[in-house]
Number of protein chains: 4
Amino acid sequence: MDLKDSQAEPTGAVTRKSIGARRNPASQEAILDAAEAVLNEGGVAGFSIEAVAKKARAGKPTIYRWWPNRTALMLDVYRRFKNERPFPDTGSLRADLVAFLDNQLLGFWHNSLAATVYRALIAEAQTDQAAADALYAYQEGRKAVVIQIIEKAKLRGECAPEVNSELIVDLIVSYAWHQLLLGRVEAAMGTIEAVVDSVLHGALNSTTR
Amino acid sequence: MDLKDSQAEPTGAVTRKSIGARRNPASQEAILDAAEAVLNEGGVAGFSIEAVAKKARAGKPTIYRWWPNRTALMLDVYRRFKNERPFPDTGSLRADLVAFLDNQLLGFWHNSLAATVYRALIAEAQTDQAAADALYAYQEGRKAVVIQIIEKAKLRGECAPEVNSELIVDLIVSYAWHQLLLGRVEAAMGTIEAVVDSVLHGALNSTTR
Amino acid sequence: MDLKDSQAEPTGAVTRKSIGARRNPASQEAILDAAEAVLNEGGVAGFSIEAVAKKARAGKPTIYRWWPNRTALMLDVYRRFKNERPFPDTGSLRADLVAFLDNQLLGFWHNSLAATVYRALIAEAQTDQAAADALYAYQEGRKAVVIQIIEKAKLRGECAPEVNSELIVDLIVSYAWHQLLLGRVEAAMGTIEAVVDSVLHGALNSTTR
Amino acid sequence: MDLKDSQAEPTGAVTRKSIGARRNPASQEAILDAAEAVLNEGGVAGFSIEAVAKKARAGKPTIYRWWPNRTALMLDVYRRFKNERPFPDTGSLRADLVAFLDNQLLGFWHNSLAATVYRALIAEAQTDQAAADALYAYQEGRKAVVIQIIEKAKLRGECAPEVNSELIVDLIVSYAWHQLLLGRVEAAMGTIEAVVDSVLHGALNSTTR
DNA sequence: GCGTAACCGAGACGGTACGTCGGGTCTTCCG
DNA sequence: CGGAAGACCCGACGTACCGTCTCGGTTACGC
């Protein structure tokens, strides 16, 4: 957001030449910047390799050389957003799950281009198996961190030992996806604590258990 | 599934003429049949108005006359699948939720063209606001039934009164969507009971509450 | 040459719609006009389907629908030039051959876009067998007329009966091609009579025969 | 035709390193060999600098360093074919012209890669002025030899003194070009003597002169 | 009972974007 | 400095669909 102003519009002065028989990082940056800008301006529709190439002042073959399809490019754009906000592990499972849902999912998507990109990625994955695989792999990595946190909570005795950690994470991630895909991220921000409490306490009447 | 064999392949003999200044039901049927067939053969990708028109031996304007865009057409295709399987209300919340997840969601999608269509619809909704609205409205109607069931469980004392019914339904629907969108419906079939139990009992260690 | 002014530059007002499920002559005219204009402006290099489509305000698929490749399009452009100048048959073989070389070949190419197009066609035929075939067929038709004239001269006794008429025509056409391909049409204009005389009288010293 | 076997297919073992700050003849040979091979395999179409570079295991800049464009490279390829077959000067104009047409032109092109290269050169010259100039110069040199022979025939009294020698040569060369460009070299082989006789005796009925 | 309005199949139209190919330039790294 | 390598920008290729349009023909309805 700070140094891509020159590529935001093709000014004619930013032409990048080859720097020899190796990948030119400036071009890759410019392409990712342009992809981001295109998504920002035109939304998911209107995202095309052609538009990105034009905005980046790059040739289409240069894009196809490094990203096999638009999905891969979008995934890279998304990865650049990967916030490095601290993921606390506070010692409280509830606080951790709230932070997960807030910082890493809904809150990360809220008011952010990231939501647009991720929605597009999921849409793409419905059509393109490669996209689906990439998305799945990416997501498994994200989930693993939270699974570890739940396992720690089990050791602390905070969490029931028979609980399937992955299932818990899935429930939370699923909820976030669902709201994202229905365009209800903002509304869902207010439900974060209620969701976590639901997942933690369950629906049954504890007096009757 | 029973009377569309003749349109499955354009045999040349099925040409439908106009029946006057009114909608020809045969054409509409043929178009929906063709749309279904195209989805069956080519998956979500490969679904194009052009392909449907060709398969249905219909003109493109005939399609556009009755469905404003491909999303509307797909939604109609999906509606034809709307299963009328009994939705029991057995008196047991757990059994009802399992049935919901099984009959209405994952099990309905399992081994079915419905999954393909629904995935496509969700993908479409990411781009097309009209699709998103239609999808949202459709889904709200489906959720309402289950919300009522939970409310009944509250009255029975089976479910805690402070529970947000919609949230519970959302958790279950979200889980199903998530698995659908990742192409993991089959695998998810085996987790149905675990999911319902998770939602019902929560993750916390009940001995420490 | 008379009614294509509006298409010469895309003015925005000339958009041609479909006129139903059949070829739109206006589009074909506009495309040929545009092709001619592109050749006029950019020469043979710079002639691209893309440029023609842009200039004609036509979609590329519309061009490809009717002309399988750029060669076919160029050939059609050339055909439009086919001058309908009278081809005399004056009763004098020499005068007729001079007129052929002058009106139909070198003179036709002189100071004309036709030369550019024909050179490009010949060049294209070296690469593309379809172009070669089309060119050959076109040329055979043109030659046939002159062969008939020579045959008449034979009947008049003006031409030796053992002469191979086609060979005579070939010599003259070949000479014209050669000069065209070397870009020497203008210079060759001055040699027309000498060439015809050479072909008619031969090189041998008649006193020694 | 004898030492280029190793470059015919890039075997991986033939990489030529630099030999210091001067032109590496092996590379030049390899490039010409590769160009020839590419022409042989893919014909005129399919001849690209890229293909030659790949086949020769050379970098594109190495080619561009020594040949300004593809035309120059093709011209060099053609020059390597310059046959040194004896050009007789038998003392008979007819025999000499037949030999010229046979040995140097049609017969040289017959069943030969030379035809392919020469056709490509002519095609290139239609687009590229430099190619046209080079081709013209090359051809003038070839013609000069035959012009001398005709001049000798004039001195012998065999040829009419008022005849334009260059024109005679042009007629013959033109005929050969024409047949070459239409891909009719083989068929034209059988017309060689008839052509020469036509040029020598002319078409007019000698009894009426 | 006859004109007309709306439907139907068909397919051309102007477009946008796709993913690929090759052109000619440039730069690095190695010898 | 020569040469291999290959990335770079660019422009054109030929294809697939989009959504619109007009056609010629076919009923059924309303005047």
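Conventions we followed
Note that residues are indexed from 1 along each chain, following the sequence as it is written. The naming scheme follows written order: chains are lettered A onward, ligands numbered 1 onward. For this predicted model, a pLDDT threshold of at least 70 governs which residues receive local features, and a threshold of 80 or more governs which side-chain atom pairs are given and counted, while totals over whole chains, interfaces and linings are taken from all residues. Neither water nor hydrogens contribute to the side-chain values; these are computed over all heavy atoms in the structure. Only heavy atoms enter the contact rule, under which two residues are in contact if any of them lie within 4.5 Å. Note on definitions: buried area is the accessible-area loss of two parts on being combined, 1.4 Å probe, summed for both. The term salt bridge refers to a side-chain nitrogen of Lys or Arg lying within 4 Å of a carboxyl oxygen of Asp or Glu. When the copies are overlaid, the least-squares fit takes in C-alpha atoms only where the residue has pLDDT of at least 70 in both copies. Put simply, DSSP marks the helices as runs of H or I at least four residues long and the strands as runs of E at least two long, and each gets a number from the N terminus on. How far a helix is expected to stretch is found by multiplying one less than its residue total by 1.5 Å. Think of it in three bands: with a 1.4 Å probe and only protein chains considered, a residue is buried below 20% of the maximum accessible area for its type, exposed above 50%, and partly exposed in between. Distance and chemistry together define a polar contact, namely a pair of N or O atoms within 3.5 Å, with one atom able to donate a hydrogen and the other to accept it when in protein, and with adjacent residues in sequence counting only for side-chain atoms on both sides. Whenever a helix is involved, its axis is fitted only over the stretch in contact; in every case the axis is a line through C-alpha atoms, and angles between N-to-C directions fall within 0 to 180 degrees. Roughly parallel means an angle under 35 degrees; roughly antiparallel means over 145; roughly perpendicular covers 65 to 115; every other angle is labelled oblique. Basically, the charged four are Asp, Glu, Lys and Arg, the nonpolar ten are Ala, Val, Leu, Ile, Met, Phe, Trp, Tyr, Cys and Pro, and anything else, Gly included, counts as polar. The rule for a residue being near a molecule or strand is that one of its heavy atoms must lie within 4 Å of it. The pLDDT value expresses, per residue, how confident the predictor is, ranging between 0 and 100. Aromatic rings from Phe, Tyr and Trp, with only the six-membered ring used for Trp, were paired whenever their centres fell within 6.5 Å, and each pair was classed as stacked if the ring planes differed by under 30 degrees, edge-to-face if by over 60, and tilted otherwise. Two conditions define a charge sitting above a ring: the NZ of Lys or the CZ of Arg must be within 6 Å of the ring centre, and it must be within 35 degrees of the ring normal. Here the limits of each domain have been adopted from an automatic or database domain assignment.

**Quick look at the interface of chain B and chain A**
Line of reasoning, step 1. At the interface, 42 residues of chain B touch 43 residues of chain A.
Line of reasoning, step 2. Roughly 3,900 Å² is buried in total at the junction of chain B and chain A, and carbon and sulfur atoms are behind 64% of that figure.
Line of reasoning, step 3. Contact with chain A buries surface across chain B, with B:Gln126, B:His178 and B:Ala203 losing the most and accounting together for 17% of the total.
Line of reasoning, step 4. Remark: the boundary between chain B and chain A carries zero salt bridges.

**Quick word on the relation of the copies chain B and chain A**
Line of reasoning, step 1. Superposing chain B onto chain A takes a rotation of 179° combined with a translation of 0.0 Å along the rotation axis, leaving an RMSD of 0.4 Å. One copy is carried onto the other by what is essentially a two-fold rotation axis.
Line of reasoning, step 2. A share of 100% of the interface residues of chain B reappears at the interface of chain A, consistent with the copies meeting face to face through the same patch.

**Regarding helix 9 (residues 165-181) of chain B**
All names here are of chain B.
Line of reasoning, step 1. The end-to-end C-alpha distance of helix 9, which contains 17 residues, comes to 24 Å, matching closely the 24 Å that a straight helix rising 1.5 Å per residue would cover.
Line of reasoning, step 2. For helix 9, a buried count of 16 out of 17 residues is recorded, marking the element as mostly surrounded by other parts of the structure.
Line of reasoning, step 3. The N-cap residue of helix 9 is Asn-164: its side-chain oxygen and the backbone nitrogen of Glu-166 are 3.1 Å apart.
Line of reasoning, step 4. Just downstream of helix 9, Gly-183 is the residue with a positive phi angle, here 70°.

**Quick word on the relation of the copies chain C and chain D**
Line of reasoning, step 1. Between chain C and chain D, which share one sequence, the superposing operator has a rotation angle of 180° and an axial displacement of 0.1 Å; the RMSD is 0.3 Å.
Line of reasoning, step 2. Interface overlap between copies is the fraction of interface residues in one copy that are interface residues in the other; for chain C against chain D it reaches 100%, indicating a shared surface.

**With respect to the interface of chain C and chain D**
Line of reasoning, step 1. Facing 42 residues of chain C, the contacting portion of chain D comprises 43 residues.
Line of reasoning, step 2. Applying the counting criterion to the chain C and chain D interface returns zero salt bridges.
Line of reasoning, step 3. Elements that contribute at least two residues to the side of chain C that touches chain D include exactly helix 7 (113-127), helix 8 (129-156), helix 9 (165-181) and helix 11 (192-201) of chain C.
Line of reasoning, step 4. Ranked by residue count, the leading element in the side of chain C that touches chain D is helix 9 of chain C, at twelve residues.

**Regarding the side chain of A:Ser174**
Line of reasoning, step 1. Along the polypeptide, A:Ser174 turns up in helix 9 (residues 165-181).
Line of reasoning, step 2. What makes A:Ser174 buried here is its relative accessible area of 0%.
Line of reasoning, step 3. Reaching out from A:Ser174, the side chain makes a polar contact with the side chain of B:His178 at a distance of 2.8 Å.
Line of reasoning, step 4. In this structure A:Ser174 touches B:Ser174, B:Tyr175 and B:His178, once residues within four positions along its chain are discounted.

**Notes on the side chain of D:His178**
Line of reasoning, step 1. With respect to the secondary-structure elements, D:His178 resides in helix 9 (residues 165-181).
Line of reasoning, step 2. Setting aside residues up to four positions removed in sequence, D:His178 forms contacts with C:Gln139, C:Asp170, C:Val173, C:Ser174 and C:Trp177.

**With respect to the packing of helix 9 of chain A against helix 9 of chain B**
Line of reasoning, step 1. Closest axis-to-axis distance for the helix 9 of chain A/helix 9 of chain B pair is 7 Å, and the angle between their directions is 90°. It follows that helix 9 of chain A is roughly perpendicular to helix 9 of chain B by the angle criterion. In contact with A:Leu167, A:Asp170, A:Leu171, A:Val173, A:Ser174, A:Tyr175, A:Trp177, A:His178, A:Gln179 and A:Leu181 of helix 9 of chain A, helix 9 of chain B contributes B:Leu167, B:Asp170, B:Leu171, B:Val173, B:Ser174, B:Tyr175, B:Trp177, B:His178, B:Gln179 and B:Leu181.
Line of reasoning, step 2. When the residues that make up the contact of helix 9 of chain A with helix 9 of chain B are grouped by side-chain class, the tally is twelve nonpolar, six polar and two charged.

**Side note on the packing of helix 2 (residues 25-42) of chain B against helix 7 (residues 113-127) of chain B**
Residue and element names in this part refer to chain B.
Line of reasoning, step 1. Between helix 2 and helix 7, the shortest axis-to-axis distance is 10 Å and the interhelical angle comes to 95°. Relative to helix 7, the element helix 2 is oriented roughly perpendicular. Contacts between helix 2 and helix 7 involve Glu-36, Leu-39 and Asn-40 from the first element and Leu-113, Thr-116 and Val-117 from the second.
Line of reasoning, step 2. Residues belonging to the contact of helix 2 with helix 7 are distributed by class as follows: three nonpolar, two polar and one charged.

**Digging into the protein's contact with DNA strand E**
Line of reasoning, step 1. Around DNA strand E sit 51 residues, and of these A:Lys60, A:Tyr64, D:Lys60, D:Pro61 and D:Tyr64 come closest.
Line of reasoning, step 2. Separating a phosphate oxygen of DNA strand E from a backbone N or O atom of A:Ile49 is a distance of 2.9 Å.
Line of reasoning, step 3. C:Ser27 is positioned such that a nitrogen or oxygen atom in its side chain is 3.1 Å from a phosphate oxygen of DNA strand E.
Line of reasoning, step 4. Elements supplying a minimum of two residues to the surface near DNA strand E: helix 3 (49-56) and helix 4 (60-66) of chain A, helix 2 and helix 4 (60-66) of chain B, helix 2 (25-42) and helix 4 (60-66) of chain C together with helix 3 (49-56) and helix 4 (60-66) of chain D.
Line of reasoning, step 5. Tallying contributions element by element places helix 4 of chain B first for the surface near DNA strand E, with five residues.
Line of reasoning, step 6. Looking at the surface near DNA strand E, its residues break down into 16 nonpolar, 19 polar and 16 charged.

**Description of the environment of D:Gly59**
Line of reasoning, step 1. Along the chain, D:Gly59 falls in the loop between helix 3 and helix 4.
Line of reasoning, step 2. Between the alpha carbons of D:Gly59 and D:Val199 there is a distance of 49 Å; along the sequence they are 140 residues apart.

**Regarding the confidence of the model for chain A**
Line of reasoning, step 1. Across chain A, pLDDT averages 85, with 89% of residues at or above 70.
Line of reasoning, step 2. Counting contacts from residues 1-13 of chain A, a segment whose pLDDT is below 50, to residues more than four positions away or on other chains yields 13 contacts.

**Some thoughts on the packing of aromatic side chains**
Line of reasoning, step 1. Following the criterion strictly, the structure yields 20 aromatic pairs over all chains and no others.
Line of reasoning, step 2. Measuring from centroid to centroid gives 5.7 Å for A:Tyr78 and A:Tyr138, while their planes differ by 80°, and the two rings are edge-to-face. Taken together, the positions of A:Tyr78 in helix 5 (residues 70-81) and A:Tyr138 in helix 8 (residues 129-156) put the pair 60 residues apart, joining distant regions of the chain. There is no split in this pair, since A:Tyr78 and A:Tyr138 are both buried.
Line of reasoning, step 3. For the pair C:Tyr78 and C:Tyr118, a centre-to-centre distance of 4.6 Å together with 25° between the ring planes defines the contact as stacked. One end of the pair, C:Tyr78, is in helix 5 (residues 70-81); the other, C:Tyr118, is in helix 7, and 40 residues separate them in sequence.
Line of reasoning, step 4. When its relative accessible area of 3% is taken as the criterion, C:Tyr78 is described as buried.
Line of reasoning, step 5. Look at C:Tyr118 and you get buried, because its relative accessible area is 3%.
Line of reasoning, step 6. Taking the ring centre of C:Trp67 as reference, the NZ or CZ of C:Arg23 above it sits at 5.4 Å.

**Topic: unusual backbone geometry**
Line of reasoning, step 1. Positive phi is not limited to glycine here, since B:Arg57 has a value of about 55°.
Line of reasoning, step 2. By the element assignment, B:Arg57 lies in the loop between helix 3 (49-56) and helix 4.

**Side note on the environment of A:Val163**
Line of reasoning, step 1. Its location among the elements puts A:Val163 in the loop between helix 8 and helix 9.
Line of reasoning, step 2. Assessed through its relative accessible area of 11%, A:Val163 is described here as buried.
Line of reasoning, step 3. Measuring from C-alpha to C-alpha, the distance between A:Val163 and A:Ala123 comes to 32 Å, with 40 residues separating the pair along the chain.
Line of reasoning, step 4. If sequence neighbours within four positions are ignored, A:Val163 has contacts with A:Lys154, A:Ile168, B:Gly202 and B:Ala203.

**Quick notes on the pattern of salt bridges**
Line of reasoning, step 1. Counted by the stated rule, this structure contains 59 salt bridges over all chains.
Line of reasoning, step 2. A:Arg156 serves as the salt-bridge partner of A:Glu158, at 2.5 Å between the closest nitrogen and oxygen.
Line of reasoning, step 3. Judged by its relative accessible area of 38%, A:Arg156 falls in the partly exposed class.
Line of reasoning, step 4. Two residues, B:Glu166 and B:Lys143, come together in a salt bridge whose shortest N-O distance is 3.3 Å. Remark: B:Lys143 occurs in helix 8 (residues 129-156) and B:Glu166 occurs in helix 9; sequence separation between them is 23 residues.
Line of reasoning, step 5. Residue B:Glu166 is classed as partly exposed on the basis of its relative accessible area, which comes to 34%.
Line of reasoning, step 6. Members of the salt-bridge network, linked through shared partners, are A:Glu29, A:Asp33, A:Glu36 and A:Arg80.

**Let's talk about the domain arrangement of chain A**
By a widespread convention, an interface's size corresponds to the accessible area lost as its parts come together.
Residues and elements named next belong to chain A.
Line of reasoning, step 1. What the domain assignment reports for chain A is domain 1 (5-66) and domain 2 (82-208).
Line of reasoning, step 2. Between domain 1 and domain 2, the residue contacts involve five residues of the former and four residues of the latter.
Line of reasoning, step 3. When domain 1 packs against domain 2, the two sides together hide about 360 Å² of surface, and 90% of this comes from carbon and sulfur.
Line of reasoning, step 4. For the domain 1 face of the interface with domain 2, the top three residues by lost area are Leu-39, Asn-40 and Val-44, together amounting to 86%.
Line of reasoning, step 5. The tally of links from domain 1 across to domain 2 stands at zero salt bridges.
Line of reasoning, step 6. Across the side of domain 1 that touches domain 2, the residue classes break down as two nonpolar, two polar and one charged.

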